[in-house]
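Below are the chains, spelled out letter by letter.
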Amino acid sequence: MELPLLAVACCALLAFVARPHCAEAAKARHFKWEISNIFWSPDCEEKVVIGINGQFPGPTIRARAGDTIHVELKNALHTEGVVIHWHGIRQIGTPWADGTAAISQCAINPEETFTYRFVVDKPGTYFYHGHYGMQRAAGLYGSLIVDVAEGEEEPFKYDGELNLLLSDWYHESIHTQMVMLSSKPFRWIGEPQSLLINGRGQFNCSMAAAHTPGATQCPAAAVNRQCAPVVLPVLPNKTYRLRLASTTSLASLNLAIGNHKLTVVEADGNYVDPFAVDDIDLYSGDSYSVLLTTDQDPSSNYWVTVGVRGRLPKTPPALAVLNYRPNAASKLPSLSPPVTPAWDDYAHSKAFTYRIRARAGTPPPPATADRRIELLNTQNKMDGGIKWSINNASMVLPATPYLGSLKLGLNKSGLAAPAPAPETFSRGYDLRSPPANPNTTAGPNVYALAHGATVDVVLQNANALAANVSEVHPWHLHGHDFWVLGYGEGGYRGDAADEARLNLRDPPLRNTVVIFPYGWTKIRFVADNPGVWAFHCHIEPHLHMGMGVVFAEAVDRVGEVPKEGMMCGATASALVNGGHL
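Thresholds, definitions, all that
Residues numbered from 1 in each chain as written. Predicted model: local features only at pLDDT ≥ 70, side-chain atom pairs only at ≥ 80, totals over all residues. Heavy atoms only, no water. Helix = DSSP H or I, 4+ residues; strand = E, 2+ residues; numbered from the N terminus. Buried < 20%, exposed > 50% of the residue type's maximum accessible area, 1.4 Å probe, protein only. Contact = heavy atoms within 4.5 Å. Areas by Shrake-Rupley, 256 points an atom, 1.4 Å probe, with all protein chains shown as cover. Pairing = 2+ DSSP bridges. Axes fitted to C-alpha atoms, helices over the stretch in contact; angles between N-to-C directions. 1 Å grid on protein atoms, 1.4 Å probe; cavity = no way out; pocket = protein on both sides within 12 Å on 5 of 7 lines; lining within 4 Å. Points joined across faces, edges and corners; volume = space filled by probe spheres on them. Nonpolar A, V, L, I, M, F, W, Y, C, P; charged D, E, K, R; others polar. Arc of directions from axis to C-beta. UniProt positions renumbered as here; feature names shortened; annotations may be inferred. Disulfide = S-S within 2.5 Å.

A count of helices and strands for the protein gives seven helices and 32 strands. Dimensions along the principal axes, computed over C-alpha positions, put the protein at roughly 70 × 60 × 50 Å. With 581 residues in all, the protein has 60% of them scored as buried. Of the contacts made within the protein by residues no fewer than 6 positions apart, 79% connect residues no fewer than 24 positions apart. Total accessible area computed for the protein in this model is approximately 21,900 Å², and 53% of it derives from carbon and sulfur atoms.

Written out as structure tokens, the structure is:
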């Protein structure tokens, strides 16, 4: 399927408004992918993963700001559909290319081909992943890196670049996991068996067994290249840009490099005011760039440690080696790997998160908002199972993609005008106790936004079903960046004390933000990108269990929607009968 040229041209024009001198250098970059199940050994245990062109993780896409990406995608899975979401790419003018099943498009059926075409409008560290069922947890992901446009420079200097895509890995198939999460009574899937760096990890052994009592030493030379330890080659006295992204299914992570400081310079494709840290938290959906200076003893190599945060760790840390050349890559570091902070040291997490500020020159947020939507995150029961809910409604997606049904004005099953979703929650709700009435209902959770409106969203955390349990939730918004105005403890009141906590001077622009246990987070964005956009917890089981909402934004202003992405549900029959998108 080819997208309308006019729409892409308009998108490109939008991207070039900020960079008029780079328009001539923009390129179309073409990729041909086949998605299929393959045997692979991510942690030296062979399993079935979803691969692209026979490889895992999928191929890295590299482009320059302003380029147009074409991905001709064939679904070679035998029994299930597939879509790809381009995480962090705003899809300005191309909402049908966002890759969200039942929201922006139909799932691509087995043996069908669909072409994604969109402009990458700004530089940064991004990634892509499956957004149908729990296919991301089956390995359907890869890196997407956007360099500055030709003739432009980054606002920081470095001598080389390293890319780390972090993930977690289950030995149980996603189909078994989905049955467990939907079962009555509920069966929790447990913690992942391993953590992966660039798709590679080690199960039931450790490269640093000498420093870990009771651990089994991994073979010095991996028998299987698919799970060989990751080695990062560097030269002494150089500065490297480490691009970091987390596409985990469940785990929140922390990364540290022995004896080395990290300077944070980018978050989610936006420059931040640089600051130095010993380690960095990455929640699912986060991406960062950090600068690393190789100023340590050049006769040694150093450990890179990735550990679990926010949950009681039952998954061993992942390890890689920072290899100071000309030392041998096989030379293991003599020092113990750095120990990541305690999983429940939220003070450490908050201290890092609160330091993230926008770099000078970042557009400030509007001073006031036109609308405020408050979303209470709770864990509930429904018909003998367990769900996650937003304002006591657990999100259920329709058979007909919202973008098509709203564009066509269909009213079957209330698709064109879902019942208004609750915009707030009771201030009397006891956030620190299990819900007094744990029952919830299913809902579409659709919020209609006026074009150009400035929208505030308050994400409010609460106690889960078990006493004294409140989980970390990283929320990701499609189609936009937002300003992170601030965080608070306990219940959001919206009073002068809460407003005083907000940062309107230099809040960072992000596309993913965390809510800490028993706390709230407030964001602001401008609804200036017509389309239908998901906003959801990026933890795969939580989204599968209903933790999300949908923003329907000025759909009447969306350009011509490709029919090929809408031939399912009610839109299929409408289009066959002469309907126009």
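Let us look at the sheet that holds strand β6 (residues 113-119). Taken in spatial order, the four strands line up as β2-β1-β4-β6 in an open sheet, and their pairing is mixed. Because the sheet does not close on itself, it has two edges, and the strands there are β2 (47-52) and β6. On average, each strand axis in the sheet is tilted by 20 degrees relative to the strand beside it, whichever way the strands run. The pairing of strand β1 (residues 28-40) with strand β4 (residues 68-75) spans eight bridges and is classified as parallel. Paired with F31 across the bridge in β4 is V71.

Counting across every chain of the model gives five cavities of 30 Å³ or more. Its volume calculated, the largest cavity comes out at about 60 Å³. Forming the boundary of the largest cavity are D281, Y283, D286, Y288, T353, I356, Y487, R510, T512, V513 and V514. The greatest single-element share of the lining of the largest cavity, amounting to three residues, is contributed by strand β29 (residues 512-515). For the lining of the largest cavity, the class distribution of residues is six nonpolar, two polar and three charged.

Take helix α2 (residues 174-182) next. Buried residues of α2: I174, Q177, M178, M180 and L181, and no others. Seen end-on, α2 carries its buried residues on one side only, within an arc spanning 160 degrees. Looking at the packing, one finds that the buried side of α2 touches β21 (385-390) and α6 (540-544).

What follows deals with the UniProt feature "domain: Plastocyanin-like" (unreviewed entry) in the protein. UniProt feature "domain: Plastocyanin-like" (unreviewed entry): in the numbering of this structure it lies at residues 37-147, 163-326 and 428-554. Structurally, residues 37-147 comprises 0% helix and 42% strand, and the distance from its first C-alpha atom to its last is 31 Å.

Right, let's get into the environment of G531. Examined against the element boundaries, G531 turns out to sit in strand β31 (residues 531-537). Of the residues examined, G531 reaches a relative accessible area of 0% and is grouped as buried. Between the C-alpha atom of G531 and that of L403, which follows or precedes it by 128 residues, the distance is 6.7 Å. Excluding its chain neighbours within four sequence positions, the residues that come into contact with G531 are P95, L403, F551, A552, E553, V555 and V558.

Moving on: the state of the cysteines. Tallying each qualifying case throughout the model produces three disulfides. Covalent S-S linkage joins C44 and C227, the inter-sulfur distance amounting to 2.0 Å. Where C44 bonds to C227 through sulfur, the torsion about that S-S bond is close to 100 degrees, and the disulfide is right-handed. Placement of the pair is C44 in the loop between β1 and β2 and C227 in the loop between β10 (194-197) and β11 (231-234), with a sequence separation of 183 residues. Of the residues examined, C227 reaches a relative accessible area of 1% and is grouped as buried. Put simply, C106 and C568 are joined by a disulfide, and their sulfur atoms are 2.0 Å apart. Handedness here is read from the sign of the S-S torsion; for C106 and C568, about -90 degrees, the answer is left-handed.

Another aspect to go through is unusual backbone geometry. Of note, the bond from K184 into P185 is cis; its omega dihedral lies within 30 degrees of zero at 5 degrees. Note that P185 resides in the loop between α2 and β10. Even without being glycine, N198 reaches a positive phi, approximately 55 degrees. Among the structural elements, N198 can be located in the loop between β10 and β11. Residue classification places N198 among the partly exposed positions, given a relative accessible area of 24%. Phi is positive for D268, which is not a glycine, with a value near 55 degrees. Looking at the secondary structure, you find D268 in the loop between β14 (262-267) and β15 (270-277).

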